[in-house]
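Take a look at the letters that make up each chain.
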Amino acid sequence: MPATPLTEILTDFRSYRPGNHRDFLEAVRDFAQSCGIKSFALEDEMSAALYLRALDQVRDFRWRHWCFTREYILKRTMYPVATGGSPIVTWLPNQLEAVLTQMAEVSSHCGAVFGTRDIMDVVHSQREVLRKEVAKYCREREVTAA
Ligand code: HEM
């Protein structure tokens with residue numbers, strides 16, 4: 001995740017998670033950092049393609065989650081703050097956009113591994129739609145995009 005004021009909110013939200021869930025996620029993060037999972041995966045095309053698929057699962061969750069927020073909140077209120085206190089129009093898209101950016105970088109290490117192009121076609125079209133939507137919701141609420 002990029003270090004921006006928006007990702008700092010994400011770190012703060014972690015303290016509201018159940019303790020055992022937090023421990024699990026911290027253990028995954030620490031191990032991934034200590035073994036250098038990303039640079040290891042990028043050394044080989046097939047590993048990079050598997051890493052891309054793992055990121056694609058995160059993208060899939062975050063995209064669906066953004067759609068929930070759009071349908072159930074943004075289309076029904078102009079109020080710019082979500083129940084957790086985050087800036088509603090820019091915060092979730094910031095996280096989704098970070099995953100899309102990671103995927104673009106990782107895809108350049110996947111060579112011609114089957115399926116990469118299909119995954120990236122979705123990434124490119126969702127990024128375009130997301131940027132238009134965020135610009136529209138920011139305009140309507142007179143807030144500045146991140
Ligand atoms: C109608 C369904 C949902 C809506 C409208 C919704 C909306 C939101 C909003 C607006 C936030 C921003 C935080 C804030 O309140 O300030 C948020 C954060 C979050 N929500 Fe949901 N949510 C929904 C369902 C879910 C589900 C089903 C899950 C998990 C299975 C989930 C997991 C999370 C997580 C993990 C965050 C922190 C952001 C992140 O890590 O990317 N949400 N949600």
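The shown structure was predicted, so the numbers you read here are calculated from the model rather than taken from an experiment.

What counts, and where the lines are drawn
Residues numbered from 1 in each chain as written. Predicted model: local features only at pLDDT ≥ 70, side-chain atom pairs only at ≥ 80, totals over all residues. Heavy atoms only, no water. Donors = N, O, S within 2.8 Å, 3.2 Å for Na, K, Ca; no water. Helix = DSSP H or I, 4+ residues; strand = E, 2+ residues; numbered from the N terminus. Core = buried A, V, L, I, M, F, W, Y, C linked by side-chain atoms within 4.5 Å. Buried < 20%, exposed > 50% of the residue type's maximum accessible area, 1.4 Å probe, protein only. Contact = heavy atoms within 4.5 Å. UniProt positions renumbered as here; feature names shortened; annotations may be inferred. Near = heavy atom within 4 Å. Polar contact = N/O pair within 3.5 Å; in protein donor to acceptor, adjacent residues only side chain to side chain. Nonpolar A, V, L, I, M, F, W, Y, C, P; charged D, E, K, R; others polar.

Moving on to the coordination of the iron atom of the ligand. Inspection of the coordination sphere of the iron atom of the ligand shows a single protein donor, H65 (NE2), at 2.0 Å. Take H65: it is sitting in helix 4 (residues 45–74).

Turning our eyes to something else, we now look at the nonpolar core. With 31 residues, the main nonpolar core has L52, W66, V89, M103, V106 and L130 as its most contacted residues. Listed by contribution, the elements that provide at least two residues to this core are helix 1 (5–14), helix 4, helix 5 (91–107) and helix 6 (116–141). Top contributing element to this core by residue count: helix 4, with 9 residues. Leaving out residues up to four positions away in the same chain, L52 has contacts with M103, V106, S107, C110, T116, I119 and M120.

Looking now at the UniProt feature "binding site: heme b" (unreviewed entry) in the protein chain. Cross-referencing UniProt, the feature "binding site: heme b" (unreviewed entry) maps to H65 in the present numbering. When its relative accessible area of 28% is taken as the criterion, H65 is described as partly exposed.

Turning our attention to the site of the ligand. Near the ligand there are 17 residues, and of these R62, H65, A82, G84 and S86 occur at the shortest range. With respect to the ligand, the side chain of R62 contributes an N or O atom lying 3.3 Å from an oxygen atom. Between the ligand and the protein, one listed contact pairs an oxygen atom with a side-chain N or O atom of S86 at 2.7 Å. Of all the secondary structure elements, the ones that give two or more residues to the shell around the ligand are helix 1, helix 4 and helix 5. A total of 7 residues in the shell around the ligand trace back to one element, the largest contributor, which is helix 4. For the shell around the ligand, a count of residues per class yields 10 nonpolar, 6 polar and 1 charged.

Another aspect to go through is the side chain of Q95. The topology assignment puts Q95 in helix 5. By relative accessible area, which is 2% here, Q95 ends up buried. Excluding residues that lie within four positions of it along the chain, Q95 makes contacts with M1, L6, T7, L10 and R62.

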